[in-house]
Amino acid sequence: MVDKMKISLIRWLLFSALIALFVLHKDFWFWRNPTLVIGLPVGLVYHIMFCAAVTVLMVLLVRYAWPSHLEIDEDTEDK
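Note that the structure is predicted; figures quoted are calculated from it, not measured. (Residues numbered from 1 in each chain as written. Predicted model: local features only at pLDDT ≥ 70, side-chain atom pairs only at ≥ 80, totals over all residues. Heavy atoms only, no water.)

(A) Inspection of the nonpolar core at higher detail. Leu14, Leu21, Phe50, Leu57, Leu61 and Ala65 form the largest nonpolar core, which has six residues in total. Those elements giving two or more residues to this core turn out to be α1 (2-24) and α2 (42-64). If one sorts the elements of this core by residue count, α2 sits on top with three residues. (Core = buried A, V, L, I, M, F, W, Y, C linked by side-chain atoms within 4.5 Å. Buried < 20%, exposed > 50% of the residue type's maximum accessible area, 1.4 Å probe, protein only. Helix = DSSP H or I, 4+ residues; strand = E, 2+ residues; numbered from the N terminus.)

Structure (structure tokens):
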């Protein structure tokens, strides 16, 4: 029972992070900022970090929130 509650909490947190990243994708606060960070515009650095965060989130979503009914065992399907 604890494992099921733990997985539900993890799924809820992951989907919340997904919504947060969706909102953060529109970075209108960096549109007119001419600051350079390590020689790159701050908006580009923001999107590099954003892409890294999305990649990590997608790995976690596949690991913890993948629907189990999509995993079909081919051996049991034939019987």
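This is not the end of the story, as more comes after the structure.
(B) Fine view of α2. If you check α2, its first and last C-alpha atoms are 33 Å apart, about what 23 residues at 1.5 Å a residue would give, namely 33 Å. Within the sequence span of α2, burial applies to Val42, Gly43, Val45, Tyr46, Phe50, Leu57 and Leu61. (Expected span 1.5 Å × (residues − 1).)

(C) Representation of the packing of aromatic side chains in the model. According to the stated counting rule, one finds five aromatic pairs in the structure shown. A centroid spacing of 6.0 Å and a plane angle of 85° characterise the contact between Trp29 and Tyr46, whose relative ring orientation is edge-to-face. Here Trp29, found in the loop between α1 and β1 (36-37), pairs with Tyr46, found in helix α2; they are 17 residues apart in sequence, far enough to count as distant. Taking relative accessible area as the criterion, Tyr46 reaches 19% and is therefore assigned buried. (Phe/Tyr/Trp six-rings, centres within 6.5 Å; stacked < 30°, edge-to-face > 60°.)

Geometric descriptors of this kind do not, in isolation, establish any biological role.
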